[in-house]
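Read off the chains here:
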Amino acid sequence: MERISNYSKKKYRFIKVIVTLLYFVYSTVVFAAGSSVEQLQQQPVNVTGQVKSVEGITLPGVNVLIKGTSIGVISDNDGNYSIQQVDPNATLVFSYIGFLTQEVGVNAKNVINVTLVEDIQSLDEVVIVGYGTQLKRDLTGSIARVSGEEIIQPSVASFDQMLQGKVAGVQISQTSGAPGGNVNVLVRGISSITGGNQPLYVVDGFPIGAGGGGSDMMSFGGNTFSSSGMANNIQSRVNPLTAINPADIKSIEILKDASATAIYGSRGANGVVIITTKRGKSGKASVSVDATFGIQEVAHRLEMMNAQQFAEFVADGRDNAWVYAGGQASDPNNVRSASTRVKPEFRDPSSITQNTDWQDLIFQLAPVQDYKVSVDGGTDKIRYFVSGGYMKQEGIIIGTDYDRFSVRSNIDAQLSDKFKIGSYISGSYTYGKYPNTEGHLGLRGVLSSALASSPTIPVRDENGEYVSELLDPMGVPVENPLFILENFEDNRISGGLLVNNFVEYDIMEGLKLKSTAGVNLTTNEIKLWKSSHLGSWGSMTSPATAGVTKIESLNWLNENTLNYKKMFGDHSLDALLGFTIQKDRYDRLSAGATDFPTDYITYLTGGTINAGTHMVSEWSMMSLLSRVNYAYARKYLVTATVRRDGSSKFGANNKWGTFPSFSVGYNISEEPFMQQLSFISNWKLRASYGIAGNSLNENYAHIGLISSTNYVENGNLKPGLAPNSLSNDELTWEKTKQTNIGMDLGLFQDRISVTADIYKNIKTDLLLAVQLPASSGFRSSTQNIGEIENKGIELNVFTKNVNNRDFQWESNVIFSANRNKVLKLATEGERISNSAYQVTEVGQPIASFYLMHVTGIFQNANEVANSPVQHPKTQPGDLKFEDVDLDGKITTNDKKIVGNPWPDFTWGFNNTFSYKNLSLGIFLNGSQGGSTYFLAGETFINSAGVQNQLAMVDRRWKSEEDPGDGLIPRAIRSTYAYGFTSTSRFLFDASYVRIKNVNLSYQLPSKIANRLKLAGCTIFADVSNLHTFTDYPGFDPEASTAGDNIVNSGIDNMTYPLARTYTIGLKMSF
Amino acid sequence: MNNRYNNFNNMRTKILNSTIAFFTIIFSSCSDFLNLQPDYLINEESFYKTTIDFEASVIGPYASLQEATYALLALTELTTDNLTVTLQSPGVSELECDEVRLSSNNDYIHSIWNACYGAISRSNNLLGRLEGASIPDQEKNQYRGEAYFVRGYAYFILVRLFGPVQLVDKAFRSPNEIAASDMSRKPVNEIYEFIIQDLEQAGDLLQGLTMPGKGRASSGAAKALLGKVYLTQKEYEKAGTVLKSVIDSGQYSLVNNYAGLFDKQNDDLPESLFEIKYLSGNVGEGNSFALHFVPTVYGGMALFPGNQLGGGRLSPTMDMANAYENGDVRKNASVSDSVPMSDGSTVRMLYGKKFVDFTASNIADMNNNFTVLRYADVLLMYAEVLNETGKTADAQSYINLVRARAGLTAISGLSKVQVVLALEKERRVEFLYEGHRWFDLVRTGRALSVLNAYFTASGLSYSVEDYETLMPIPQREIDINPALEQNPGY
C-alpha cells in the first residue's frame, strides 16, 4: 500500500511538472503576441552598432540588410554600421562571407551590436589534437570529432555514455544501469590483459588518466561481511567521468591511430579522448539555462515463473532428487531426506492464491532532475565562461540514488599583444547510494534475492514483519530483499577539483611559448554498514560490521610547449616542441569495525575498530615531445611526431621509451584534374604508422616486495614477512605498432560525406603475469611477453537526405568491426585464465569463454548408455556434454572455447528530421556477435528445484515426450550435473538492436524569442532506451559485472538493470 | 602607455627567469624523480639484516603450512572410508576426492602443492639469507633448524602424495634464475635422502634450545617425523632407534582427556610434538574446519550460536561411526549423529567434532590448533616398528597404552598379521580428522583392498586402482612446464 502511494506521488509530481511547463509555453506565446500588438504603433528608429567575431575581432564589410527589403549598409573598417529610418518591428539580417548569417529583431532599439559566428564548413573545422589544433582538411591521422551539441542527451550523468554508437571504431558499453555507473570505452579492440584497456582522457589539456568507472562487482563482499572485508571493499561505484558536466563540453575528439596518439607516448596505445570545455565569447553576457525532468523505469523486467509454475517446479525437482536417491515420487515427506521434502500445498499448485511479484517491490518509477546554468561573455581582453549544474537521479531500485553538483570557471585574459593567460577551474561533488544491489544471494544481493524469492509467500506476514524463507528447510533460503535494503548501507561520496592555468607568450610572429601548471585533486569516500539483523549465506544474523575507505588522489602537471607556425608560399609548416612533467599520488586509508552494541550508529566509532589499511602509491613521468606538420599547396600533407617518456613504473634498465609516428595525407580533390568531377567536393587519402605505449600497469611491478604473512604464538598474532614478488629490472611498457589507412570523401557539396578507415594494430611486449612453477615460491612475475593483434574497419557515413527550406533529414551511420587475436604468449600452448569462465590462448581472442560444452539433453536411457557421461548416475533429462579430449569420460578436462565477449561489429544509426522549428531525432544502435556469460543463470535457470527461476525454466525437460525447448535440463535438487557449474548453457548471444533515443524538440521562432528578450528557447521531450531487441535472457545484453575490468567483460551476475527514461526539458538562452 | 609596456617587460623577464629556474631544478633532480619506492611496503633491499628481520622471516614457512591443512584432510581423509561429502551440491573437487578419481585440475591437489612448495621456498629463502647474515650463532642455528624441519615436512607430504617431485633447495631473486634452474622431477629415493638430511640437521640444530611453543619446530618433532619417514621407507631399525629416543626423552606423555586434544584450548599440550596454530578473534588466523566438518541443516540448526550452518564437505561416513568399539571414549569426542535444532528437536546427520569449537560466534574463525604430530602417533609408530621387526608382543603393549587412554581393554596374544590389522583400526579411530588414514593405508599396502571393500559394502560403484595411490601432478604445473611428466594413469 505504501509503495503504491509512493508511486502515485511520483506520478503526480511528473504530471505537475508537465503542466507547469505547458503553462510556461502558453504564457510565453501569449505574452509574445501581446507585446507585438503594443509595438505596432511605434515610430521608425535609427539603428547603429558594431559587428564582431566570436574572438572579439571587429568585422569590416558585413552586409546589414533590413529583412524583406533591399535597404542595407556595409560595416566600416571598425565593424561599425549605421542604418536610418528602420521600422521598429523590422528584422536586420547580418551576412558576411565565412560566417553564419544572423537575423536580429530591431524591437525599437537604437543600438544593436552583433557577434557573428564562423560558418565552419566541415573542411575548415578546427580539430583539437594533442597539444594543439589542426584544420580537419590538414589532418593525416584518424581522429573523430563530436561536438557538445551532438552528444547531449538529457537525464544522463556522463558524457562517455552519450558517445555510444556515435564514433566509429569505439565500442562503448554501459556495463551497469546503476546511477552514475560504469561505462566502458574501448578504442579499436582490447589489447591488454593486465595493463588496462581504457583510453587516456585529456580534459582541456590535462591528462586526467585512464577512464574506467569501477563498478567491478565480481568479488564485492568477498565471502563475508567481516570488518576487514568491509574495509577492503574498495571498488569504486561512481564513474569519475560523471564529475564533468556534459553541458560544459564544447567538443570531444577521439584520437584513434598512432599518428594522433603517439604524441601521448606511453599512454596513447588505448586511444586518447580529448575533452574541450566551453570558453567565453566576447560580447554581452549570454545566459543559458537548461532544466530537465525525467522519469525512469526498469527497461526490461525478467519474466519469472509464477506461483503455480514455481510450485510445480519445486515439487518436480525434489521428487526427482528423491527418486535419484532411491525413493519413490509418491513417498510422503516423513520418509524423505530433508532436502527432498515438498510443501503440501505445492502438490496442488492451483490452490495457491499468493502470487508475489518481487520485482514490483524493488523497482520503482524514479525521477531524475538536471539543472544547468551557464553565463559567458567578456570584453576584448577578458572572456569568461562560468557554469553550474545540479543533477539528482533516483535509482530504479528503491534506496539507490546519485546526486551531482558541478561548477566551472574558464577564464581567458589577453594581457598585452604578446601575453595571454587563462585558467580552467572545475569542481564537482557527487554522492550516491548503492545498498548491496548486486551480488550473490548468499551475500544478500538485493536483485538476486528478489528474483530468487518464492512467489508463493507474501512480503510481510499478518504482523507486518518481513517474510523470508531463509531458515525454512522447504523454502528458498534467501533473505527478504526489502529487509536487506533496510539493513545494508553503501554510501559513496566523491569530490574533484581540477585547476589548470596557462600562460602564452608570442615570442615573435608565428612562434609561441605556452606553459601550463595544474593540479587535479580527487577524493572518494566509501562507507559501508551492515546491521546485526543481516547475516550471510545460511546465517540469519551476524554481528554488525562497518567499513570506511577514504581515497585521496593528487595529480600535478606542468607542460611547456613551443609552437611555430609559418606559411612560405605554398609551403606551410607547424612545428611543436614540448616538455612535460607529471606526478600522481594515491593515498588510501581504510578501516573496519565490528561488535556494535546497537544498530543506531552506523559509523565506525560505534563499534570496535579492528581492521584497516593505509597505502600510498605514486607514479611520476617526464616527457619530451615534438611534432612537425608540413603541407604543400594544401595537397600533400606530412606529419611526424616523436615522444620520449620516462616513467617510474618501469625497471631500472628500461625507464625511458621512445614513441614515434609518421603519417601522410593527399587531398586529391585539390588536384586540377579533379575539378571536372564536380560532384566530388572533397577527397582525401590518409596513411599512418606509429608506435604508442600503454603504461596502465601497477606502479611498483618491477620491484621485489616482501609482504606480511602471519602466524600464531603464545595465543597472540605473530606477524611475519615473506617474499611476495620478484624484481624485474627489464620491465617496460606495452607497445602498439599501429598502421592506419583512411579516406575522407565528400560528395555533392558534402550532402554525402564518408570517412572510412582500416587499421591493424600489433601490441608487443605485452605485460603478462607470466606463470612460474609453484616450486619457485612465486606464482607469477610481470614480464613483457606476448603479442596481440587487432584489425578492423570503421565507416562513418553522413548524409543530408532531404534539404528543403522547411524540411531537412539528416542521417549518420556508424559502423565498426574489429577482430582480436592473440599472436604470442609466454609459451605456445599457454592458457591464461582471465576468470573462472574465460581464458586467453594463442590464435584466439583475448578472454574467450572456456566452458564445459553442452551438446544437448539426454532424452533416454539408451542415449545415456551410449555416450560418455560425467557420472555413473547420469539419467535422461540431464545435460549431455561434449567429450572434448575423447577419453570416454566427462571431466573438467573437457572444457573448450565456445565463444568470446567481443562483438563482430557495432553500429549506430542517427536520424534527425527537422520541419521548420520542430525537430525529431531517432537514434538506434546495436552490437552483433558477442556473447555474454549469464552467471546469474547458475542460480536462475539452474533447474535445481530451489530458487525461483526465469519463466523459460517452465519449458524444461520433463520426459522424452515433453522435452521442453531443448535448453533446460530436468529439475533435480541433487548433485546436479555433477557440479559442473561453468557450462556453455549459460552462455548467450549478446547481440542487440536498441532504440537508444527518440527526441522531439521545438524551438521557439526567433521572432517570438526575441520579443521575449530570449536569444533562444527550445522545449523537448525525450525517451531513452525505448526498446532493446535481443535474445539475451538477462536484464541487458551489455551488462558486465566486472565493470571497468574490460578483460573480464561479458560476465553478467545480476548487474543493476538499465533504465528507460522519459524526459521533458527546456533550454533557454538570453 | 610607456609605463604599461615596462610592466609587461618586467613580467616577461620574471616569467622567463622563473621558467629557467624551474627547468634547472627539474633536470637536476631528473633521475630521482623517476625512482619511486613503495614506502608502505618492505622491499628486499632494506630487509634481512637483523635478528628481528629473521624472526619475522621464520614465520613465513609456518604460515604456508597453515594453508595446507584443509587440502591435506581432503586428500588423506575424504579419499578414504573415514569421510564423505554430504553437501547437496558439492564441487567437482570434493567429489573427486570422495570417489578417489582425482583429476589433475583438482583444487586440493593444487592447494597442497602450492602450500608445500610455499613452505619449501620460504625455507629456502630463509636458509639462503641466513648464510651471510651477521646475527648471533644461537639464533642462526635455531632459524636454520626450523627451516630444515618445515622443508623436510613439506617434501615428505609431497613425496607421499605425488612420488617423484621437483627438488628445489635454493631461493630465487629474478625470473631469469628460475628459468635457468633444473625443475625436473627427481626420483623418490633422492627426495627421501634430502628429507632425511633436512630432518637430521633439524634434530641437531634445534637441540637444547628453548622452544617458543609447539607451533614451532623442535628437536623432538624433527626426530619423530624422521621416525615416520623411516617407517614409510620400511627402514624399521632406523625408525625404531629414533622413535625410541623420543619416547625415552620423557618430554611427552598422553593426556588423560582425549577430547581436550582438539578443543579450543589445545595449546602446547604434553602430548603434542608439533601443531599448526590458529587464533580466533577476526585477525585472519582462525581456522574454518567447522564449516567443512559440520553439515547444513536448514530450519534453525542450533549446533553453533546464531544458527550458523556448516558446509558438509568433510562428514564422517557411517562406516567410520561404526568403527569404534563399545566404550571407546574417542567416539564421543570425534563424531556425533545428532544435530540439535532451535525448536528442541534433533536431526540425525553425522558430523565431526574434533577441532570444532561449538561456542564460536563465527565458525570460519576458530581457535583450535591442528595437531600434526602427537605422542600417541609416536607410540603407535613404534608399535608398528616392533611388530614388523618380530617383537609382536612388545608391540601390543605400546598399542595398549593408547587403548587404555581411550577406556578400552588391552589386547594381547595377537599374531603379527593380527597386530597389523589392530594397528590399522587403532590408528583409524585415534587419528580421525588428523590427516593420517590415506598415508597409513598406502604405507601398509592396504589402500586398494580396504577402500574397494568399503565402496562395495556401501553400495558405491567407485573403485581405487593401483596407479591412484599416487596423485596427479597439478595441471597448472604441467601447462607451465610441459617437460614435467604426469604420473602414469592420469
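Procedures and definitions
- Residues numbered from 1 in each chain as written.
- Chains lettered and ligands numbered in written order.
- Predicted model: local features only at pLDDT ≥ 70, side-chain atom pairs only at ≥ 80, totals over all residues.
- Heavy atoms only, no water.
- Helix = DSSP H or I, 4+ residues; strand = E, 2+ residues; numbered from the N terminus.
- Contact = heavy atoms within 4.5 Å.
- Areas by Shrake-Rupley, 256 points an atom, 1.4 Å probe, with all protein chains shown as cover.
- Lys, Arg positive; Asp, Glu negative; His and termini not counted.
- Charge placed at Lys NZ, Arg CZ, Asp CG, Glu CD.
- Rg over C-alpha atoms; globule rule 2.2 N^0.38 Å.
- Buried < 20%, exposed > 50% of the residue type's maximum accessible area, 1.4 Å probe, protein only.
- Buried area = accessible area lost by both parts, 1.4 Å probe.
- Salt bridge = Lys/Arg side-chain N within 4 Å of Asp/Glu carboxyl O.
- Pairing = 2+ DSSP bridges.
- Axes fitted to C-alpha atoms, helices over the stretch in contact; angles between N-to-C directions.
- Polar contact = N/O pair within 3.5 Å; in protein donor to acceptor, adjacent residues only side chain to side chain.
- Expected span 1.5 Å × (residues − 1).
- Core = buried A, V, L, I, M, F, W, Y, C linked by side-chain atoms within 4.5 Å.

Peer 1: If you had to explain the overall build of chain B to someone new, which residues and values would you point to?
Peer 2: Helix and strand content of chain B: 21 helices and 9 strands. The principal-axis extent of the C-alpha atoms belonging to chain B is close to 120 × 60 × 45 Å. In chain B, the share of contacts with a sequence separation of at least 24, taken over all contacts with a separation of at least 6, comes to 68%. Within the structure as shown, chain B displays about 18900 Å² of accessible surface, and the carbon and sulfur contribution to it stands at 51%. Across chain B, the centroid of the 42 positively charged side chains sits 2 Å from that of the 57 negatively charged ones.

Peer 1: Hey, could you go over the overall build of chain A for me, with residue numbers and the actual values?
Peer 2: Each helix and strand in chain A was counted, giving 12 helices and 50 strands. Taken against the 2.2 N^0.38 rule, which gives 31 Å for 1070 residues, the C-alpha radius of gyration of chain A at 32 Å falls within 12% of a compact globule. Burial status across chain A gives 57% buried among its 1070 residues. Nonlocal contacts in chain A, meaning residues at least 24 apart in sequence, comprise 69% of its contacts between residues at least 6 apart. Element-wise, carbon and sulfur atoms account for 56% of the exposed surface of chain A, whose accessible area totals about 41300 Å².

Peer 1: Break down the interface of chain A and chain B for me, citing the residues and quoting the values.
Peer 2: How big an interface is tends to be stated in terms of accessible area lost as the parts join. Chain A puts 83 residues into the contact, and the matching count from chain B is 79 residues. Summing both partners gives a buried area of about 7100 Å² for chain A against chain B, and 64% of it is carried by carbon and sulfur. Between the two partners, chain A and chain B, sit 2 salt bridges. In this structure, the salt-bridge partner of A:Glu713 is B:Arg216, at a minimum N-O distance of 2.7 Å.

Peer 1: Can you break down the pattern of salt bridges residue by residue, with the values?
Peer 2: Residue and element names in this part refer to chain B. Counted under the stated rule, the structure contains 86 salt bridges over all chains. We note a salt bridge from Arg437 to Asp81, for which the minimum N-O separation is 2.8 Å. Of the two residues, Arg437 is situated in helix H19 (residues 437-443) and Asp81 in the loop between helix H5 (69-78) and strand E2 (83-84); the sequence distance between them amounts to 356 residues. Looking at Asp81, the relative accessible area reads 3%, which means it is buried. Residue Asp337 pairs with Arg348 through a salt bridge whose shortest N-O separation is 3.4 Å. With a gap of 11 residues between them, Asp337 in strand E7 (residues 335-340) and Arg348 in strand E8 (residues 346-352) connect regions that are remote in the sequence. When salt bridges with common partners are traced through the structure, they connect Glu271, Glu325, Asp328, Arg330, Lys354, Arg374, Arg403, Arg405, Lys425, Glu426, Glu430 and Glu434 into a single cluster.

Peer 1: Talk me through the pairing of strand E14 (residues 206-210) of chain A; I want residue IDs and the actual numbers.
Peer 2: Residue and element names in this part refer to chain A. In the sheet, strand E13 (residues 200-203) pairs with E14 via 4 bridges, with the strands oriented antiparallel. The partner of Leu200 across the bridge, within E14, is Ala210. Count of turn residues in the E13/E14 antiparallel hairpin: 2 residues, of which Asp204 carries a positive phi of about 45 degrees.

Peer 1: Pulling in residues and values, what's your account of the sheet that holds strand E7 (residues 114-116) of chain A?
Peer 2: Residue and element names in this part refer to chain A. Across the sheet, 3 strands lie side by side as E4-E1-E7; this open sheet has mixed pairing. Lying at the two open borders of the sheet, with one neighbouring strand each, are strand E4 (80-86) and E7. Within the sheet, the average angular offset between the axes of one strand and its neighbour, ignoring direction, is 30 degrees. As paired elements, strand E1 (residues 45-53) and E4 share 5 bridges and run antiparallel to each other. The residue of E4 that forms the bridge with Thr48 is Ser82.

Peer 1: Before we move on, could you go through the side chain of A:Asp216 and cite the residues and values that matter?
Peer 2: All names here are of chain A. Topologically, Asp216 is positioned in the loop between E14 and helix H4 (227-232). This buried residue, Asp216, is left without a salt bridge; Arg237 holds the nearest opposite charge, at 10 Å. A polar atom in the side chain of Asp216 sits 3.1 Å from the backbone nitrogen of Met218.

Peer 1: Tell me about the sheet that holds strand E2 (residues 63-66) of chain A, and name the residues and values.
Peer 2: Residue and element names in this part refer to chain A. The strand order across the open sheet built from 4 strands is E3-E2-E5-E6, with neighbouring strands paired in antiparallel fashion. In the strand order of this sheet, the two ends are held by strand E3 (72-74) and strand E6 (102-105), each with one partner. In this sheet, adjacent strand axes meet at a mean angle of 20 degrees when their direction is disregarded. Bridge count between E2 and E3: 3 bridges; the pairing is antiparallel.

Peer 1: Which residues make up unusual backbone geometry, and what values do they have?
Peer 2: For residues that are not glycine, phi is negative in most cases, and the peptide bond is trans in most cases. Residues and elements named next belong to chain A. A positive phi angle, close to 55 degrees, is found at Asn436, a residue other than glycine. Mapped onto the secondary structure, Asn436 falls in the loop between strand E21 (419-433) and helix H8 (446-452). Among the residues examined, Asn436 registers a relative accessible area of 2% and is labelled buried. Positive phi, close to 55 degrees, is recorded for Asp595, a residue that is not glycine. Relative to the helices and strands, Asp595 resides in the loop between strand E25 (571-594) and strand E26 (608-632).

Peer 1: Please give an account of helix H16 (residues 375-388) of chain B that cites residues and values.
Peer 2: Residues and elements named next belong to chain B. Spanning 14 residues, H16 covers 20 Å between terminal C-alpha atoms, matching the ideal 20 Å at 1.5 Å per step. Judged by how many residues are buried, H16 sits mostly within the fold: 13 of 14 residues are covered. Positive backbone phi, at 90 degrees, marks Gly390, one or two positions downstream of H16.

Peer 1: Can you tell me about helix H17 (residues 392-405) of chain B, naming the residues and giving the values?
Peer 2: Residue and element names in this part refer to chain B. An ideal rise of 1.5 Å per residue puts 20 Å on 14 residues; H17 measures up with 21 Å between its terminal C-alpha atoms. All of the buried residues along H17 are Thr392, Ala395, Gln396, Tyr398, Ile399, Asn400, Val402, Arg403 and Arg405. Residues of H17 that are buried make contact with helix H12 (236-248), helix H15 (329-334), strand E9 (370-374), H16 and helix H18 (416-430). Immediately downstream of H17, the backbone of Gly407 shows phi near 80 degrees, a positive value.

Peer 1: Please provide a residue-by-residue account of the nonpolar core, values included.
Peer 2: Membership of the largest hydrophobic core comes to 158 residues, with the highest contact counts inside it found for B:Ile112, B:Phe149, B:Tyr155 and B:Phe162. For this core, the element with the most residues is helix H8 (residues 137-162) of chain B, which contributes 14 residues. The contact partners of B:Phe149, leaving out residues within four places of it in the chain, are B:Leu199, B:Ala202, B:Ala217, B:Ala221, B:Ala222, B:Leu225 and B:Phe274. Core analysis: the second largest hydrophobic core is formed by 76 residues, A:Met217, A:Ala307, A:Leu534 and A:Ala936 among them.

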